[in-house]
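In case you want the letters, here they are:
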Amino acid sequence: ILNEGSEGQLIIILDCDMMPEPCMARTVAPFFFEKVPHNDPEYGRKKAQFDFSTGLLQTPQAFYNLDSNDLLGQSYAFFYECLMSGWDGTGCTPCCGTGVTFSRYALTKVGGFSVGSITEDFKTSLNICANGFKCKFFLQRMTRGVSPKELNAFMVQRLRWAVGAIQIVKAGNPLFVKGLPFSARWLYFFSTVGIVYIIPVVMMGTIMYTTILAGFPISFGPTTFEGYLLIGGTAVGGMMLIQLLAGWRLSWTDYLRALQDNFTVFMTLIRALMIGFFGMEMGFAVTSKDVSFDLKANLFHAMPHIIVYLFSGAAAVKAVLEMLANANLIEIFWTTDYNVDLLYFSLMWTVFLWVMLSGPPRMVIYGYIRSRKEKKSEMKCKNANIPALQELPTTPMNIFPPLSPDLWAKNNIPDTHPRLSHEVISTDDSESFSKL
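Keep in mind the model is a prediction, meaning the values are calculated, not measured. (Residues numbered from 1 in each chain as written. Predicted model: local features only at pLDDT ≥ 70, side-chain atom pairs only at ≥ 80, totals over all residues. Heavy atoms only, no water.)

A look at the overall build of the protein
When helices and strands are tallied, the protein shows 13 helices and 11 strands. Sorting the 436 residues of the protein into buried and exposed places 48% on the buried side. Residue pairs at least 24 apart in sequence account for 80% of intrachain contacts in the protein once pairs closer than 6 positions are excluded. For the protein, the accessible area works out to roughly 22,400 Å², and carbon and sulfur atoms hold 62% of it. (Helix = DSSP H or I, 4+ residues; strand = E, 2+ residues; numbered from the N terminus. Buried < 20%, exposed > 50% of the residue type's maximum accessible area, 1.4 Å probe, protein only. Contact = heavy atoms within 4.5 Å. Areas by Shrake-Rupley, 256 points an atom, 1.4 Å probe, with all protein chains shown as cover.)

Brief notes about the sheet that holds strand S6 (residues 61-63)
Ordered by their spatial adjacency, 3 strands build an open sheet running S2-S9-S6, and the pairing between neighbours is mixed. The two strands at the open ends of the sheet, each matched to only one other strand, are strand S2 (19-20) and S6. (Pairing = 2+ DSSP bridges.)

Let's talk about the pattern of salt bridges
This structure, assessed with the given rule, holds 5 salt bridges. Glu-21 serves as the salt-bridge partner of Arg-144, at 3.2 Å between the closest nitrogen and oxygen. Of this pair, Arg-144 sits in strand S9 (residues 143-145) while Glu-21 is found in the loop between S2 and helix H1 (24-28), placing the two residues 123 residues apart along the sequence. We note that Arg-144, like Glu-21, is buried. Among the ionic pairs, Arg-370 bridges to Glu-150, the shortest N-O distance being 2.3 Å. (Salt bridge = Lys/Arg side-chain N within 4 Å of Asp/Glu carboxyl O.)

Some thoughts on the environment of Val-110
Here Val-110 is to be found in the loop between helix H3 (104-109) and helix H4 (120-130). Separated by 21 residues in the primary sequence, Val-110 and Asn-131 have C-alpha atoms spaced 7.1 Å apart. Setting aside residues up to four positions removed in sequence, Val-110 forms contacts with Asn-127, Ile-128 and Asn-131.

Details of the environment of Lys-47
By the element assignment, Lys-47 lies in the loop between strand S3 (33-35) and strand S4 (48-50). Separated by 12 residues in sequence, Lys-47 and Lys-35 have C-alpha atoms that sit 6.1 Å apart.

Topic: the packing of aromatic side chains
Overall, the coordinates contain 20 aromatic pairs when judged by the stated rule. Pairing Tyr-309 with Trp-354 gives two aromatic rings, centres 5.2 Å apart and planes at 40 degrees, and the pair type is tilted. You can see Tyr-309 sitting in helix H11 (residues 295-326) and its partner Trp-354 sitting in helix H12 (residues 342-356), a full 45 residues away along the chain. A relative accessible area of 22% means that Tyr-309 is categorised as partly exposed. Seen from their ring centres, Trp-349 and Phe-352 are 5.5 Å apart, and the 40 degrees between their planes marks the pair as tilted. Here Trp-349 pairs with Phe-352, and both are found in helix H12, just 3 residues apart, close to one helical turn. (Phe/Tyr/Trp six-rings, centres within 6.5 Å; stacked < 30°, edge-to-face > 60°.)

Section: the side chain of Lys-123
Examined against the element boundaries, Lys-123 turns out to sit in helix H4. One buried charge, Lys-123, has no salt-bridge partner; the nearest side chain with opposite charge is Glu-120, at 10 Å. Separated by 2.9 Å, the side chain of Lys-123 and the backbone oxygen of Val-115 make a polar contact. (Lys, Arg positive; Asp, Glu negative; His and termini not counted. Polar contact = N/O pair within 3.5 Å; in protein donor to acceptor, adjacent residues only side chain to side chain.)

Observations concerning the packing of helix H10 (residues 266-277) against H11
The N-to-C vectors of H10 and H11 enclose an angle of 115 degrees; their axes lie 9 Å apart at closest approach. When the axis of H10 is compared with that of H11, the two are roughly perpendicular. Contact with H10, carried on its side by Phe-266, Met-267 and Arg-271, involves Phe-300, His-301, Pro-304, His-305 and Val-308 of H11 and no other residues of that element. Per-class residue counts for the contact of H10 with H11 are 5 nonpolar, 2 polar and 1 charged. (Axes fitted to C-alpha atoms, helices over the stretch in contact; angles between N-to-C directions. Parallel < 35°, antiparallel > 145°, perpendicular 65-115°, else oblique. Nonpolar A, V, L, I, M, F, W, Y, C, P; charged D, E, K, R; others polar.)

Here's the deal with unusual backbone geometry
Located in the positive-phi region is Asp-70, a residue other than glycine, with phi close to 45 degrees. Within the fold, Asp-70 resides in the loop between S6 and helix H2 (77-90). Despite not being glycine, Tyr-76 shows a phi value in the positive range, around 50 degrees. With relative accessibility at 15%, the residue Tyr-76 sits in the buried group.

Considerations on H2
The terminal C-alpha atoms of H2 lie 20 Å apart, and with 14 residues this matches the ideal 20 Å at 1.5 Å per residue to within 8%. At Met-84, H2 shows its maximal kink, close to 30 degrees. For H2, the set of buried residues is Ala-77, Phe-78, Tyr-80, Cys-82, Met-84 and Trp-87. (Expected span 1.5 Å × (residues − 1). Bend = angle between axes of the 7 residues up to and from the residue.)

Things to note about the nonpolar core
Leu-151, Phe-154, Met-208, Ile-212, Phe-263 and Trp-349 are the most contacted members of the largest nonpolar core, which has 47 residues in total. One finds Phe-122, Ala-130, Val-177 and Leu-180 within the second-largest nonpolar core, a separate group that totals 23 residues. (Core = buried A, V, L, I, M, F, W, Y, C linked by side-chain atoms within 4.5 Å.)

Describing helix H6 (residues 182-193)
End to end, H6 covers 17 Å across 12 residues, agreeing with the expected 16 Å (1.5 Å per residue, within 8%). Buried residues in H6 make contact with H2, H4 and helix H5 (151-171).

Looking at the confidence of the model for the protein
Per-chain confidence: the protein averages 80 in pLDDT, with 79% of residues scoring 70 or above. Contacts for the low-pLDDT stretch residues 383-436, under 50 throughout, to residues beyond four places or in other chains number 119 contacts. (pLDDT = per-residue confidence, 0-100.)

Some remarks on the environment of Gln-260
With respect to the element layout, Gln-260 can be found in helix H9 (residues 252-264). The class of Gln-260 is buried, set by a relative accessible area of 3%. Sequence spacing of Gln-260 and Leu-353 is 93 residues, and the spatial spacing of their C-alpha atoms is 9.2 Å. A distance of 2.8 Å separates a polar side-chain atom of Gln-260 from the backbone oxygen of Val-355.

Concerning a nonpolar patch on the surface
Where nonpolar side chains cluster on the molecular surface, the patch consists of Leu-295, Leu-299, Met-303, Ile-307, Ile-365, Tyr-366, Tyr-368 and Ile-369 and spans about 680 Å² of accessible area. Taken together, the elements giving at least two residues each to the nonpolar patch come down to H11 and helix H13 (359-377). As for its position among the elements, Met-303 is in helix H11. (Patch = residues over 30% accessible without salt bridge, like charges linked within 9 Å, V, L, I, M, F, W, Y side chains within 5 Å.)

What follows is the structure, encoded as structure tokens:
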């Protein structure tokens, strides 16, 4: 981008399957301008000048191939409408890889795009922020593209994101990155190491269900209802409360999908920890948007959830029988050696867990039913590897009024900087480079 003879001061990055709104360049450009100061000799002659302190502007992604259920929460409403707005308040918004506009000046100052991580977009924004540039967010969807249609592609994509986050931490802990503002240090740190939360959640469920099935307490785990309520209830309840407060303007469906996301990818996060911290290599690969259904690949990623269903279901059945026996309603042929109050928490947790883990198994079922219908009707899409040809959007995403041409400043960039223009560059090495 920087060494191929291009001159644009604003560079828009798009995935090859992303389609920008016609007004995108005109809409994002003003974020890189500032009012002319009163003490500037040019004050009065021009209204705005290029702001060299702004490094990037990120906009939300939108997908036109999501169904109404969006079982995997790929609209990412909580992330874009709540979390990213919070990041914007600190001036250190991370880059999400597409739908982002960079300042050439900022990219040049930090030496271009970062390397050493398969999530180079996130690392690049960290470097830009650490070099004193403002990273902004505009809550308006300016691009539409294709999301992973199958569970397999979704999990591979999330695995890459999680491994990339670990690579960033191993290369340099954000808490100690020189030049990064204090608030940005903590935001980048928790966004990269936050995946370790899955370890205590998995341990708690494993210990509790093993205790019930074995009939005696695990020596290093809590054994009472109060103990699990204190540990699990506080952790999960706190997470739900924080997300509820942060996502107060979301619909209940979007809020539920945000909660489920923490559990949907639990095994993927465990794999990421093993890959990231035990030296296993993982290269970059473009996320597949193929709509063809691979039952074996999808079952591979849904199997951990199915195992949890069976494991917790068996413990729940045993818990109900023991509760009935404790109430002298039935007789059981086995004995237990733990506080029976634990059973009540286990049932509460099982119901909660089944709701949280429902996305992946349902995706496999729906995908299998859809593939069978396509095969039976002999209407399988011939362009399965070209998702953009399958279901194009028919309605505009945003309607913007024309922006005043007065917002464009002329002859206000130092002679050392090339003229202002816009470039759209695909992150895929295809023939999607064009200059507007």
